[in-house]
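# Survey of secondary and tertiary structure
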Amino acid sequence: MEVANLLTKLEKEDLRILMAIEIGMKRSEYVTVSNIKFYSRYKMEETLFRLKKVHKLDLIFRDASKHEIAYTLNSKAYDLLALHTLVEQNIISQLGPLIGKGKESDVYSCMNDDGDIYAAKIYRIGRTSFKNVKKLRDLIGNRGHLSWLYINRLAAKKEYEALEKIYKFKLNTPKPISYNRHIIIMSYLRGKELVYFKTIKSPMKIFNKIIKQLRIIYKKGKMIHGDLGEFNIVLDNKGNFLIIDWLQWVPIDHPNANSLLERDIGNICNYFTKKFKIESNVDEILNSFYKK
Ligand SMILES: Nc1ncnc2c1ncn2[C@@H]1O[C@H](COP(=O)(O)OP(=O)(O)O)[C@@H](O)[C@H]1O
Ligand SMILES: [Mg+2]
């Protein structure tokens, strides 16, 4: 990935300038040069030199329409800041190829110094379509200035915390390794989404296991996935699977909890019936969730 190469080109002063803009972006999308200078604590000359360099590297956008020039980070710069931190913290040392592209993220494989391979989910909400952002209003609250940077950071945090909550039940959900800004590092299952399988070995067994695990997550974790279907289950040829994509989880006392659970379970049941002829009764399954 391009960003990984860029990391080697940047000096710590460049990163500090990017971080100064990042701080300024808490208050407004574009940050004036004098504010960037202030947050970086560099002299004006150094500030301008670094801004010019990172602008040339296509890491920031410039707004020259106001009386003072201002800059904002683009998503590549934000990726760099997060990846740089994860590398510094020895969480990962290399980014591998893209392994998945979702509605609101790009997922890459990555590796640490010991050769362990993980998945790095990079959130990309809002930059291209602001439709998804509306959906996240509850996440954001009534903050005036809706920055994509903040939304993506919040999304990563929300999903990471969900993964942490569920992980303690030792089920087939990704192990959370770490997160920074808008990037989550988690265990990786080399496989593909359930939807792409024509046949699977023991569909009945997998179906039962998924339902059983969702029930444990509901009863013990008091959580509902909220966006479950054949796209958010990764499976390999040996029958290992992971239930992924926990951003939209809701607690079981959420006003829409029942309808979301019904939809999740319904999606799984329908899919296994349609594709693998596994008969099931959604109401019966739902009752087994609700019963004490
Ligand atoms: N832990 C993982 N292991 C393997 N593949 C993954 C993992 N997490 C995500 N993926 C792949 O990346 C795709 C997008 O991830 P997902 O979490 O579903 O994001 P989105 O919210 O954008 O749909 C998935 O459909 C899957 O192919
Ligand atoms: Mg998904």
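A quick note: this is a predicted structure, and the numbers were derived from the prediction, not measured.

## Notes on the site of ligand 1
Close to ligand 1 lie 19 residues, the nearest being Ser-105, Lys-121, Ser-187, Glu-193 and Asp-245. Lys-103 is positioned such that a nitrogen or oxygen atom in its backbone is 3.1 Å from an oxygen atom of ligand 1. With respect to ligand 1, the side chain of Asp-245 contributes an N or O atom lying 2.8 Å from an oxygen atom. For ligand 1, whose accessible area on its own is 550 Å², the fraction buried by protein is 96%. The site holding ligand 1 turns out to be the largest pocket. Where the shell around ligand 1 is concerned, the elements lending two or more residues are strand 5 (105–111), strand 6 (117–123) and strand 8 (183–187). Classifying every residue of the shell around ligand 1 gives nine nonpolar, five polar and five charged. Here the shell around ligand 1 spans two domains, since at least three of its residues come from each of domain 2 (89–187) and domain 3 (192–290).

## A look at the sheet that holds strand 1 (residues 31–32)
Strands belonging to one sheet form pairs held by backbone hydrogen bonds; the direction of such a pair is parallel or antiparallel. On the basis of which strands lie adjacent, the open sheet formed by three strands has the order 1-3-2 and antiparallel pairing. Only two strands of the sheet have a single partner each, and these edge strands are strand 1 and strand 2 (60–63). Looking at chain direction, strand 2 and strand 3 (residues 70–73) are connected through four bridges and run antiparallel. Looking across to strand 3, one finds that Ile-60 is bridged to Leu-73.

Reading the values: rules and limits
- Residues numbered from 1 in each chain as written.
- Chains lettered and ligands numbered in written order.
- Predicted model: local features only at pLDDT ≥ 70, side-chain atom pairs only at ≥ 80, totals over all residues.
- Heavy atoms only, no water.
- Near = heavy atom within 4 Å.
- Polar contact = N/O pair within 3.5 Å; in protein donor to acceptor, adjacent residues only side chain to side chain.
- Areas by Shrake-Rupley, 256 points an atom, 1.4 Å probe, with all protein chains shown as cover.
- 1 Å grid on protein atoms, 1.4 Å probe; cavity = no way out; pocket = protein on both sides within 12 Å on 5 of 7 lines; lining within 4 Å.
- Sits in = over half its atoms within 2 Å of the grid points.
- Helix = DSSP H or I, 4+ residues; strand = E, 2+ residues; numbered from the N terminus.
- Nonpolar A, V, L, I, M, F, W, Y, C, P; charged D, E, K, R; others polar.
- Domains from an automatic or database assignment.
- Pairing = 2+ DSSP bridges.

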